[in-house]
Amino acid sequence: GFHVGGTFRLKKSFSVYAESETTNMEAASKPDPAIEETAVMEPKLDATPTAVSATTAALSTVDAGTMDEGIYKFNKQLIDTVYDVICFLYPVKGNERDFARFFVLETVARVPYFAYLSCLHLQETFGVRYPNMSDRMRTHYAEADNELHHLLIQESLGGNSNPVDRVLAQTMAFFYYWYVIAIYTWNEPAAYHLSELIEDHAFDTYSNFLKNHETFLKSKPVPEIARKYYEEENPFLFELYCTVKDEPECSVEEQATVCCRRPNLETLYDVFVCIRDDEKEHWKTLCNLVQFDEMNAVAARDVKSTVPAPAESA
């Protein structure tokens with residue numbers, strides 16, 4: 001992890017290199033040696049709207065960390081393989097059967113958030129405390145709650161009607177949960193990177209489905225669970241996971257507390273747009289966590305996917 005601020009926390013096995021603001025990572029000069037065990041500094045953030053805005057602006061000038069190439073490649077290979085298996089087993093057909101595919105994806109995708117939360121609770125129990133730890137725990141709970149509602153929506157559409165689909169999804173989720181627990185205990189940025197890759201796939205999957213099957217989705221009504229979550233329930237948890245704000249469409253005060261997005265649902269198409277946009281919100285937060293060890297280190301327009309550390313010259 002990479003940090004500026006006032007409190008030291010020990011991180012392991014995460015390589016950090018500096019990148020100038022005017023130079024792309026692909027063209028970066030020879031990096032410093034990998035930092036295999038480094039003390040990183042955690043900023044102490046004021047929760048007031050003005051302070052949040054100022055701190056985000058300051059942190060946005062910090063160079064993003066890059067991930068050890070071996071860890072990066074392994075994570076990408078793992079997630080791409082799992083995703084390809086699901087795509088093979090559940091090819092998109094533009095009909096109700098596609099909801100089973102999304103049911104499986106959402107069952108697996110929500111697992112890391114409560115795995116992160118489990119590890120943080122255990123750390124807290126053993127006396128490990130640091131600034132903003134509680135904020136991170138609340139955000140992971142809100143993310144898990146959001147993914148749960150994605151899952152409930154797919155279940156309401158019949159995505160879990162086949163017992164084979166349920167067994168496959170739940171078995172994958174069980175083993176993936178313990179895998180993420182192990183990775184998070186060993187290397188937090190690597191564990192966050194797993195979800196960054198998953199959310200990137202999820203965003204693309206929903207985007208393509210919206211583009212290719214618009215007519216099908218617009219012919220379906222809004223599930224009651226979706227209307228309840230997006231339109232009727234208290235928006236606290238819905239807004240809590242929006243840690244990286246987009247360009248302001250609301251006041252500075254509102255930007256500090258909400259993601260400024262409340263949908264108007266008319267058809268199932270609108271619901272899938274909401275789910276797709278939720279995945280983007282998760283991706284932005286995860287990119288910040290991997291690269292800066294902070295949930296909102298850079299503004300939305302500056303968020304970029306994590307890249308592997310460039311190889312050192314011989």
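Residues numbered from 1 in each chain as written. Predicted model: local features only at pLDDT ≥ 70, side-chain atom pairs only at ≥ 80, totals over all residues. Heavy atoms only, no water.

## Looking at the overall build of the protein chain
Let me state the cut-off plainly: Helix numbers and strand numbers start at the N terminus; a helix is a DSSP run of H or I with at least 4 residues, a strand a run of E with at least 2. Under the scheme applied here, a residue whose accessible area is under 20% of the maximum for its type counts as buried, over 50% as exposed, and between as partly exposed, the area being computed with a 1.4 Å probe on protein chains only. Residues are treated as being in contact if the distance between any of their heavy atoms lies within 4.5 Å.
For the protein chain, the count of helices and strands is 12 helices and 2 strands. Each helix and strand of the protein chain, placed in order from N terminus to C terminus, yields the pattern β-β-α-α-α-α-α-α-α-α-α-α-α-α. Put simply, the protein chain has 314 residues, and 49% of those count as buried. A sequence separation of at least 24 residues applies to 79% of the contacts in the protein chain between residues at least 6 apart.

## So, the confidence of the model for the protein chain
Our working rule: On a scale of 0 to 100, pLDDT captures the predictor's confidence in every residue.
Here the protein chain averages 78 in pLDDT, while 70% of its residues score no lower than 70. Ranking the elements of the protein chain by mean pLDDT puts strand E2 (residues 37–42) last with 36 and helix H6 (residues 163–186) first with 96. Below pLDDT 50 for its whole length, residues 1–61 participates in 133 contacts with residues either more than four positions away or in separate chains. Per-residue pLDDT stays below 50 along residues 252–258; that stretch engages in 9 contacts with residues further than four places along the chain or on separate chains.

## Points about the nonpolar core
Short version of the rule: In this description, a nonpolar core means a group of buried Ala, Val, Leu, Ile, Met, Phe, Trp, Tyr and Cys residues linked to one another through side-chain atoms lying within 4.5 Å.
If you look at the biggest cluster of nonpolar residues, it comprises 34 residues, and the most contacted ones within it are Tyr116, Tyr176, Tyr184 and Tyr192. Taken together, the elements giving at least two residues each to this core come down to helix H2 (69–89), helix H3 (98–109), helix H4 (111–125), helix H5 (133–156), H6, helix H7 (188–212) and helix H12 (268–292). Those residues in contact with Tyr192 that sit more than four places away from it in its chain are Tyr116, Arg136, His140, Tyr184, Leu286, Leu289 and Val290.

## Points about the pattern of salt bridges
Short version of the rule: Whenever a carboxyl oxygen of Asp or Glu lies within 4 Å of a side-chain nitrogen of Lys or Arg, that contact is scored as a salt bridge.
Counting across every chain of the model gives 11 salt bridges. Note that Arg136 is salt-bridged to Asp293, the shortest N-O span being 3.1 Å. Separated by 157 residues along the polypeptide, Arg136 in helix H5 and Asp293 in the segment after H12 bring together distant segments of the chain. Exposure remark for Arg136: the relative accessible area of 3% places this residue in the buried category. Among the ionic contacts, a cluster of salt bridges with common partners joins Arg136, Glu188 and Asp293.

## Remarks on the side chain of Glu143
As a reminder of what qualifies: Asp and Glu are treated as the negative residues and Lys and Arg as the positive ones, with His and the ends of the chain left uncounted. Under this definition, polar contacts are N or O atom pairs within 3.5 Å; protein pairs additionally need one hydrogen-donor-capable and one acceptor-capable atom, and for neighbouring residues in sequence, both atoms have to be side-chain atoms.
The topology assignment puts Glu143 in helix H5. As a buried residue without a salt bridge, Glu143 has its nearest oppositely charged side chain in Arg136, at a separation of 9.0 Å. Side chain to side chain, Glu143 and His140 meet in a polar contact 2.9 Å long.

## What about the packing of H4 against H5?
If you want to describe how two helices pack, look at the angle between their axes and the distance between the axes. Heads up, the rule is: A fitted line through C-alpha atoms serves as each axis, taken over the contacting stretch for helices, and the angle formed by two N-to-C directions is quoted from 0 to 180°. Roughly parallel means an angle under 35 degrees; roughly antiparallel means over 145; roughly perpendicular covers 65 to 115; every other angle is labelled oblique. Note on convention: near helix rotated counterclockwise from far helix by under a right angle means a left-handed crossing. Clockwise means right-handed. All residues other than Ala, Val, Leu, Ile, Met, Phe, Trp, Tyr, Cys, Pro, Asp, Glu, Lys and Arg, Gly among them, are scored as polar; the first ten of these are nonpolar and the last four charged.
For the pair H4 and H5, interaxial distance at closest approach is 8 Å and the crossing angle is 150°. If you check the angle between H4 and H5, you find them roughly antiparallel. Where H4 crosses over H5, the handedness of that crossing is left-handed. Facing H4, whose interface residues are Tyr113, Phe114, Tyr116, Leu117, Leu120, His121, Gln123 and Glu124, H5 presents Met133, Ser134, Arg136, Met137, His140, Tyr141, Glu143, Ala144 and Glu147. When the residues that make up the contact of H4 with H5 are grouped by side-chain class, the tally is 9 nonpolar, 4 polar and 4 charged.

## Points about a nonpolar patch on the surface
To be explicit about the condition: Think of a patch as exposed residues, more than 30% relative accessible area, with no salt bridge, where like charges cluster within 9 Å and nonpolar side chains (Val, Leu, Ile, Met, Phe, Trp, Tyr) cluster within 5 Å. Using a 1.4 Å probe, the Shrake-Rupley method yields the accessible areas, and only the shown protein chains count as cover for residues.
A cluster of nonpolar residues, Val85, Phe88 and Leu89, forms a patch on the protein surface that exposes about 330 Å² of accessible area. Here Val85 lies in helix H2. Residue Val85 is classed as partly exposed on the basis of its relative accessible area of 42%.

## Some points on H4
The following threshold applies: Given the number of residues in a helix, its expected span is that number minus one, multiplied by 1.5 Å.
Between its first and last C-alpha, H4 extends 21 Å over 15 residues, near the 21 Å set by a 1.5 Å rise per residue. For H4, every residue scored as buried is listed here: Val111, Pro112, Tyr113, Ala115, Tyr116, Leu117, Cys119, Leu120 and Gln123. Looking at the packing, one finds that the buried side of H4 touches H3, H5, H6, H7 and H12. One or two residues past the end of H4 sits Gly127, with phi positive at roughly 90°.

## Considering unusual backbone geometry
In the Ramachandran plot, Asn132 falls in the positive-phi region, its phi being about 70° despite a non-glycine side chain. Along the chain, Asn132 falls in the loop between H4 and H5. One non-glycine residue, Asp293, adopts positive backbone phi at about 55°. Relative accessible area serves as the criterion here: at 2%, Asp293 is assigned to the buried category.

## What about the packing of H5 against H12?
It is at 11 Å that the axes of H5 and H12 come closest, and there the two elements cross at 155°. Considering the angle they form, H5 stands roughly antiparallel to H12. The chirality of how H5 crosses H12 is left-handed. Across the interface between the two elements, Arg136, His140, Glu143, Asn146, Glu147, His150, Ile153 and Gln154 of H5 pack against Val271, Phe272, Ile275, Asp278, Glu279, His282, Thr285 and Leu289 of H12.

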